[in-house]
Amino acid sequence: MNEGRKQALNLLKTSKGQIEGIIKMIEEERYCVDISKQILSVLGLLKKANLIILDQHIKSCVKDAILEGSGDEKIDEIINILDKYVK
C-alpha cells in the first residue's frame, strides 16, 4: 500500500470513529449545533481522503494511460468524478 492510500485509510478510520461519536451524541440528545459541527468535521475528512485517492489515481492510472495513448477514457472518469464533487 502506497503512502497516499495509507493517508486516506487513516482519514477514513478517523471518520469512522467520529461517526460513532456522532451517533452517540444523537442517542444522548446532545445539542444540535454541536452534532452539526461534528458532522461537518467528518465531511471535511472524507473530502480530504477522496482528494488523496484521486491524486493517486491521476498520478498513476491516468498518467500511465496517457503515456500508452489511451488516456481519454481515464480523463473522462476524472471529469465525471469532478462533476459529482462540485454538485
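Residues numbered from 1 in each chain as written. Predicted model: local features only at pLDDT ≥ 70, side-chain atom pairs only at ≥ 80, totals over all residues. Heavy atoms only, no water.

Colleague: Quick rundown of the overall build of the chain? Include the residues and the values.
Modeller: A count of helical and extended segments in the chain gives 3 helices and 0 strands. The N-to-C order of helical and strand elements in the chain reads α-α-α. Over its C-alpha atoms the chain spans a radius of gyration of 17 Å, topping by over 25% the 12 Å that the globule rule assigns to 87 residues. Taken over the C-alpha atoms alone, the chain extends approximately 55 × 30 × 15 Å along its principal axes. By residue count, 18% of the 87 residues in the chain fall in the buried class. Taking as baseline every contact in the chain between residues at least 6 positions apart, the subset at least 24 positions apart corresponds to 52%. (Helix = DSSP H or I, 4+ residues; strand = E, 2+ residues; numbered from the N terminus. Rg over C-alpha atoms; globule rule 2.2 N^0.38 Å. Buried < 20%, exposed > 50% of the residue type's maximum accessible area, 1.4 Å probe, protein only. Contact = heavy atoms within 4.5 Å.)

Colleague: Residue-level account of the environment of R5, with values.
Modeller: For R5, the position within the fold is in helix α1 (residues 3–27). Between the C-alpha atom of R5 and that of V42, which follows or precedes it by 37 residues, the distance is 18 Å.

Colleague: Please set out the packing of helix α2 (residues 32–67) against helix α3 (residues 71–86) residue by residue, giving values where relevant.
Modeller: Closest axis-to-axis distance for the α2/α3 pair is 9 Å, and the angle between their directions is 165°. On the basis of their axis angle, the class for α2 and α3 is roughly antiparallel. Here the hand of the crossing between α2 and α3 comes out left-handed. Side by side, α2 and α3 meet where K47, N50, L51, L54, H57, I58, C61, V62, A65 and I66 of the first sit next to G71, K74, I75, E77, I78, I81 and Y85 of the second. Residue composition of the contact of α2 with α3, by class: 11 nonpolar, 3 polar and 3 charged. (Axes fitted to C-alpha atoms, helices over the stretch in contact; angles between N-to-C directions. Parallel < 35°, antiparallel > 145°, perpendicular 65-115°, else oblique. Left-handed = near helix turned anticlockwise from the far one by under 90°. Nonpolar A, V, L, I, M, F, W, Y, C, P; charged D, E, K, R; others polar.)

Colleague: Talk me through unusual backbone geometry; I want residue IDs and the actual numbers.
Modeller: Unusually for a residue other than glycine, E29 sits at a positive phi of about 55°. Relative to the helices and strands, E29 resides in the loop between α1 and α2.

Colleague: I'd love a proper account of the environment of K48, names of residues and values included.
Modeller: Residue position: K48 is located in helix α2. Residue classification places K48 among the partly exposed residues on the basis of a relative accessible area of 49%. Distance from K48 to I75, taken between C-alpha atoms, is 21 Å for residues 27 residues apart in sequence.

Colleague: So what about the nonpolar core? Which residues, and what values?
Modeller: Membership of the largest hydrophobic core is limited to 5 residues, which are A8, L11, L45, A49 and I52. Of all the secondary structure elements, the ones that give two or more residues to this core are α1 and α2. Of all the elements, α2 adds the most residues to this core, at 3 residues. (Core = buried A, V, L, I, M, F, W, Y, C linked by side-chain atoms within 4.5 Å.)

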